[in-house]
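For reference, the chains in residue letters:
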Amino acid sequence: MRYALRRLGLNAGLAHRIGGSGTAYGPGLGPGDVPESDAVVEILASAEPALLVGGFAVGKVPWRTGGTVRAADLRALPDDAEATGLDTFLTVLGHVGFAAWTGLVTVGAVRAGESVFVSGAAGGVGSRAVQFARARGARVVGSAGSAGSAGSAEKVALLTGTLGADAAFDHRAGEATELLRAAAPDGVDLCVDNVGGAQLEAPIEALRFRGRAVLCGAASRYGRERVRGPANYLRMIYQELTLRGFTVTEHEESRPAFEAEVGGWVREGRVRSLHTRLDGFGTVPEAFAGLLAGRHTGRTLVAVEGSR
Ligand SMILES: NC(=O)c1ccc[n+]([C@@H]2O[C@H](COP(=O)([O-])OP(=O)(O)OC[C@H]3O[C@@H](n4cnc5c(N)ncnc54)[C@H](OP(=O)(O)O)[C@@H]3O)[C@@H](O)[C@H]2O)c1
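Position labels on residues start from 1 in each chain and follow its written sequence. Confidence filtering applies because this is a predicted model: local features only for residues at pLDDT of at least 70, side-chain atom pairs given and counted only at 80 or more, and all residues used for totals across whole chains, interfaces and linings. Neither water nor hydrogens contribute to the side-chain values; these are computed over all heavy atoms in the structure.

*Asks:* How should I be thinking about the side chain of Ser115 in this particular structure?
*Replies:* Each helix corresponds to a stretch of at least 4 residues labelled H or I by DSSP, and each strand to a stretch of at least 2 residues labelled E; elements are numbered beginning at the N terminus. Note on placement: Ser115 falls in strand β6 (residues 115–118). The buried category is assigned to Ser115, whose relative accessible area is 5%. Here a polar contact is recorded for every N or O atom pair within 3.5 Å, except that within protein the pair must consist of a potential hydrogen donor and a potential acceptor, and residues adjacent in sequence are included only if both atoms are side-chain atoms. Among the polar contacts listed, one links the side chain of Ser115 to the backbone oxygen of Gly187, at a separation of 3.2 Å. When near neighbours in sequence (up to four residues on either side) are disregarded, Ser115 contacts Arg139, Gly187, Val188, Asp189, Leu190 and Arg208. Per-residue accessibility, obtained with a 1.4 Å probe over protein chains only, is compared with the maximum for each type, and a residue is labelled buried under 20%, exposed over 50%, and partly exposed between these values. Residue contacts follow a heavy-atom distance rule, with two residues in contact if any of their heavy atoms lie within 4.5 Å.

*Asks:* Would you explain the packing of helix α2 (residues 95–107) against helix α3 (residues 124–135) in this entry?
*Replies:* Geometrically, a packed helix pair is captured by the angle between its two axes and the distance between the axes. For the pair α2 and α3, the least separation of the axes is 8 Å and the interaxial angle reads 50°. Our classification of the angle between α2 and α3 gives oblique. For the element pair α2 and α3, the recorded crossing hand is right-handed. Facing Val96, Gly97, Ala99, Ala100, Trp101 and Leu104 of α2, the residues of α3 in contact are Gly124, Val125, Arg128, Ala129, Phe132 and Ala133. Here the nonpolar group is Ala, Val, Leu, Ile, Met, Phe, Trp, Tyr, Cys and Pro; Asp, Glu, Lys and Arg are the charged ones; every other residue, Gly included, is treated as polar. Its residues assigned to classes, the contact of α2 with α3 comprises nine nonpolar, two polar and one charged. Angles run from 0 to 180 degrees between N-to-C directions of axes, and those axes are lines fitted to C-alpha atoms, restricted for helices to the stretch in contact. Angle categories: roughly parallel below 35 degrees, roughly antiparallel above 145, roughly perpendicular from 65 to 115, and oblique for all the rest. Here a crossing is called left-handed whenever its near helix is offset anticlockwise from the far helix by less than a right angle, and right-handed whenever the offset is clockwise.

*Asks:* Help me out: how do you make sense of the layout of surface pockets in this one?
*Replies:* The gaps of empty space that remain are located by a probe, the size of a water molecule, rolled over the atoms. Points on a 1 Å grid over protein atoms alone make up a cavity when a 1.4 Å probe fits among them but cannot get out, and a pocket when they form an open set with protein on both sides within 12 Å along at least five of seven lines; lining residues each have an atom within 4 Å of a point. Grid points are joined across faces, edges and corners, and a volume is the space filled by probe spheres set on the points. Quantified by volume, the second largest pocket comes out at close to 350 Å³. Together, 19 residues line the second largest pocket, and Gly120, Gly123, Asn194, Val195 and Ala219 are the ones closest to its centre. Of all the secondary-structure elements, those providing two or more residues to the lining of the second largest pocket are α3 and β7 (139–144). Split into classes, the residues belonging to the lining of the second largest pocket amount to eight nonpolar, nine polar and two charged.

*Asks:* Would you take a moment to explain unusual backbone geometry for this structure?
*Replies:* Leaving glycine aside, a negative phi is the common case for residues, and trans is the common case for peptide bonds. The phi angle at Glu240 is positive, at roughly 50°, despite the residue not being glycine. In this model, Leu274 sits at a positive phi of 55°, which is unusual for a non-glycine residue. Tracing the chain through its elements places Leu274 in the loop between α8 (255–268) and β12 (275–279). In this structure Leu274 comes out as buried when scored by relative accessible area, which is 16%.

*Asks:* For this particular structure, what's the right way to read α8?
*Replies:* Each α-helix turn comprises 3.6 residues. Residues three or four places apart therefore point the same way. Between the first and last C-alpha of α8 there are 20 Å, a value that for 14 residues agrees with the 20 Å anticipated at 1.5 Å per step. Buried residues of α8: Arg255, Phe258, Glu259, Val262, Gly263, Gly264, Trp265 and Val266, and no others. At its buried positions, α8 is contacted by β5 (74–76), α1 (81–84), α2 and α3. Looking at the residues trailing α8, positive phi occurs at Gly269, about 75°. Helix span, expected: 1.5 Å multiplied by one less than the number of residues in the helix.

*Asks:* Quick question: what am I supposed to make of the site of the ligand here?
*Replies:* Near the ligand there are 23 residues, and of these Val125, Gly145, Lys155, His171 and Val248 occur at the shortest range. Contact between the ligand and Gly124: an oxygen atom at 2.8 Å from a main-chain N or O atom of the residue. Lys155 places a side-chain nitrogen or oxygen 2.7 Å from an oxygen atom of the ligand. All accessible-area figures derive from a Shrake-Rupley calculation using a 1.4 Å probe, and residue coverage is judged against the displayed protein chains alone. When the ligand sits alone it has 900 Å² of accessible area, and the protein chains cover 68% of it. More than half of a molecule's atoms lying within 2 Å of a cavity's or pocket's grid points is what places that molecule inside it. With respect to the detected pockets, the ligand is housed in the second largest pocket. Any residue with a heavy atom lying within 4 Å of a molecule or strand is counted as near it.

*Asks:* What is the right way to read the state of the cysteines from this model?
*Replies:* Simply put, the disulfide is a covalent bond whose two ends are the sulfur atoms of two cysteines. Disulfide assignment relies on a single distance test, namely cysteine sulfur atoms paired within 2.5 Å. What the rule picks out here adds up to zero disulfides. For Cys191, which is in no disulfide, the shortest distance to another cysteine sulfur is to Cys216 and amounts to 10 Å. Classification of Cys191 as buried rests on a relative accessible area of 0%. The exposure class of Cys216 is partly exposed, given its relative accessible area of 23%.

Right, here's the structure in full:
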């Protein structure tokens, strides 16, 4: 399978592997090695019926303008990918977007008019979950925070401004249960939790009768030797609550429905991709340096047009 690179997505985690040992995300990188990233490519030559010449696909490829790759390492994009916007397949229609949609729609069964709480709402999954819940007609409260108070204010403003949340709070500003109660005084029907700990106990306290909490991640618990469940789990009994986890890779059959719904929202302008894009393959070093320096909003992408 021969391809031309069209969009390259950059990840800050790669910096940990340069000149060092490998991590869970790949081997260490030394002089002469070529890093790899997830990318949108255009198919130039193909013997695979699902990957048509002239069509687009996503996969992990080296930082080169093109090359060959095994068909099994690519996933074909819908026919209308270019009209939807190639950038979006590395952001809102990419892995974290699919995780947010799966948690909210497939697992959480969100309904219009419901009140939804999203923790880690300025993060990769959370920022998509907030937008998708709004697009489905729910009222949304998000939590965000940051070590620096200036960063926290920016993140909270992003939630109610750019992302359209109805209310938001800085989880470092006080006790999470009190902050959520103030932001959602009538309670919450559904929670999408990316953080765990106090930010999961808060919605368990706030969930209405038969409310649901979807466990997507537990960013505050990773790396701990001993992880305990929520201290207030007895409320699940009295309020008939459901806590349900999921792993997005087990939901691949829903991807066409996800791409159809979210692609529609993107085309209607109801959902935003949130990325910083630099143009031309020659901008890759500048783009990577800008990402590491924290100069970019959303995901950092490099566009390579007409690279056949
Ligand atoms: N279930 C699945 O299939 C699936 C798929 C993809 C991702 N995930 C999980 O979903 C979660 C979100 O993923 P993501 O890509 O959105 O990650 P992310 O962009 O790093 O967002 C995670 C957020 O958690 C918040 N957080 C709050 N307290 C924290 C603490 N003590 N330590 C670290 N972070 C803390 C941070 O937001 P503030 O700084 O604003 O507090 C951070 O932005 C992760 O746990 C990830 O492992 C699960």
